[in-house]
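Read off the chains here:
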Amino acid sequence: AQSVTQLDSQVPVFEEAPVELRCNYSSSVSVYLFWYVQYPNQGLQLLLKYLSGSTLVKGINGFEAEFNKSQTSFHLRKPSVHISDTAEYFCAVVPLGGGGADGLTFGKGTHLIIQP
Amino acid sequence: DGGITQSPKYLFRKEGQNVTLSCEQNLNHDAMYWYRQDPGQGLRLIYYSQIVNDFQKGDIAEGYSVSREKKESFPLTVTSAQKNPTAFYLCASSRTQTGPNSGNTIYFGEGSWLTVV
């Protein structure tokens, strides 16, 4: 089984400042990793995903994440945030292949609050 | 436009009543999912379906039922056996039967709010 820990439930940041949202995972097998964003009262939208290759993954809206296998982490970063980035962010994992199709395991989310 | 449509957006349920949440997708995706979201709890998987006429229980299936009679439709019924049904429900789909296990993205609908009154 897999588990995901998002270390911060809320992260307040001033506008135009950099931000890092932390995600650690636990799994006995190799995994794919995802970051989703949820704006108030809406569904989730994919920001980026890591499948293989370069450990630095670039996504939409200027976000990027770095996969660190030894630390089992997949932290999300943005060099300069905007008011419009205020949202809930979810990290998720799924085991590779094996014929499974049981969906993603999500962390509990981090609420990013941008202060003017 | 292609996408996932959930209805209704808001639904109120009386004690002891069954209610059904609709989910329709026109993305021609094989796999479909239902998640429940509670504040501060993240998303938890209720049921998933890889193909028509087949579905599997997720982590919190008790008190819920589903059907998959058509590829594009995956309705969720919240039964009276679900003791704490007030939550935000999200339907999702993925292109292949194995979904994200093959690296495919899961796409989400806009969600439905269910409140017990």
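What comes next concerns the included structure. Here the structure is a predicted model, which means the values were calculated and not measured.

Moving on, we come to the nonpolar core. Judged by nonpolar contacts, the single largest core of 27 residues is most densely connected at Trp35(A), Leu48(A), Leu76(A) and Tyr89(A). Look past the residues within four positions of Leu76(A) in its chain and what remains in contact with it is Val19(A), Glu20(A), Leu21(A), Trp35(A), Leu47(A), Leu48(A), Phe63(A), Glu64(A), Ala65(A) and Tyr89(A). Ranked by size, the runner-up nonpolar core spans 20 residues in total, among them Leu104(A), Ala31(B), Leu45(B) and Ile106(B).

Glancing now at the sheet that holds strand S8 (residues 76-78) of chain B. Residue and element names in this part refer to chain B. Pairing is antiparallel in the open sheet, where four strands are placed in the order S1-S3-S8-S7. The open sheet has two free edges, formed respectively by strand S1 (4-7) and strand S7 (64-66), since each of these has just one partner strand. On average, each strand axis in the sheet is tilted by 20 degrees relative to the strand beside it, whichever way the strands run. As defined by bridge partners, S7 adjoins S8 across three bridges and the pair is classed as antiparallel. Bridge assignment links Tyr 64 to a residue of S8, and that residue is Val 78.

Our focus in this paragraph is the pattern of salt bridges. Residues and elements named next belong to chain A. Counted under the stated rule, the structure contains eight salt bridges over all chains. Glu 20 is the partner of Arg 77 in a salt bridge, and the nearest nitrogen-oxygen pair spans 2.8 Å. A residue pair is termed long-range when its members are at least 10 positions apart, and Arg 77 in strand S9 (residues 73-78) and Glu 20 in strand S3 (residues 19-21) qualify at 57 residues. What emerges from the salt-bridge pattern is a single network uniting Glu 20, Glu 66 and Arg 77.

If you roll a probe as big as a water molecule over the atoms, it shows you where there is empty space left. Roughly 410 Å³ of volume is contained in the largest pocket. Taken together, 21 residues form the lining of the largest pocket, with Gln38(A), Glu88(A), Phe90(A), Gln37(B) and Pro39(B) sitting closest to its centre. Counting only elements with at least two residues in the lining of the largest pocket, the list comes to strand S10 (87-95) of chain A together with strand S4 (31-38) of chain B. Broken down by element, the lining of the largest pocket gets its largest block of residues, three residues, from S10(A). Across the lining of the largest pocket, the residue classes tally to seven nonpolar, eleven polar and three charged. Broken down by secondary-structure element, the contributors of at least two residues to the lining of the second largest pocket are strand S1 (3-6), S10 and strand S11 (105-106) of chain A together with strand S5 (42-49) of chain B. Element by element, the count of residues in the lining of the second largest pocket is highest for S5(B), at four residues. Among the residues making up the lining of the second largest pocket, the classes are represented as ten nonpolar, six polar and five charged.

Okay, the interface of chain B and chain A next. Contacts between the two partners involve 27 residues from chain B and, on the opposite side, 25 residues from chain A. Taken over both partners, the interface formed by chain B and chain A buries close to 2000 Å², and the fraction arising from carbon and sulfur atoms is 52%. Contact with chain A buries area across many residues of chain B, yet Leu43(B), Asn101(B) and Phe108(B) alone supply 28% of it, more than any other trio. Summed over the shared surface of chain B and chain A, the number is zero salt bridges. Of all elements in the fold, only S4, S5, strand S9 (87-94) and strand S10 (106-108) of chain B reach the threshold of two or more residues within the side of chain B that touches chain A. At four residues, the largest contribution of residues to the side of chain B that touches chain A is made by S5(B). When the residues that make up the side of chain B that touches chain A are grouped by side-chain class, the tally is twelve nonpolar, 13 polar and two charged.

Parameters at a glance
Residues numbered from 1 in each chain as written. Chains lettered and ligands numbered in written order. Predicted model: local features only at pLDDT ≥ 70, side-chain atom pairs only at ≥ 80, totals over all residues. Heavy atoms only, no water. Core = buried A, V, L, I, M, F, W, Y, C linked by side-chain atoms within 4.5 Å. Buried < 20%, exposed > 50% of the residue type's maximum accessible area, 1.4 Å probe, protein only. Contact = heavy atoms within 4.5 Å. Pairing = 2+ DSSP bridges. Helix = DSSP H or I, 4+ residues; strand = E, 2+ residues; numbered from the N terminus. Axes fitted to C-alpha atoms, helices over the stretch in contact; angles between N-to-C directions. Salt bridge = Lys/Arg side-chain N within 4 Å of Asp/Glu carboxyl O. 1 Å grid on protein atoms, 1.4 Å probe; cavity = no way out; pocket = protein on both sides within 12 Å on 5 of 7 lines; lining within 4 Å. Points joined across faces, edges and corners; volume = space filled by probe spheres on them. Nonpolar A, V, L, I, M, F, W, Y, C, P; charged D, E, K, R; others polar. Buried area = accessible area lost by both parts, 1.4 Å probe.

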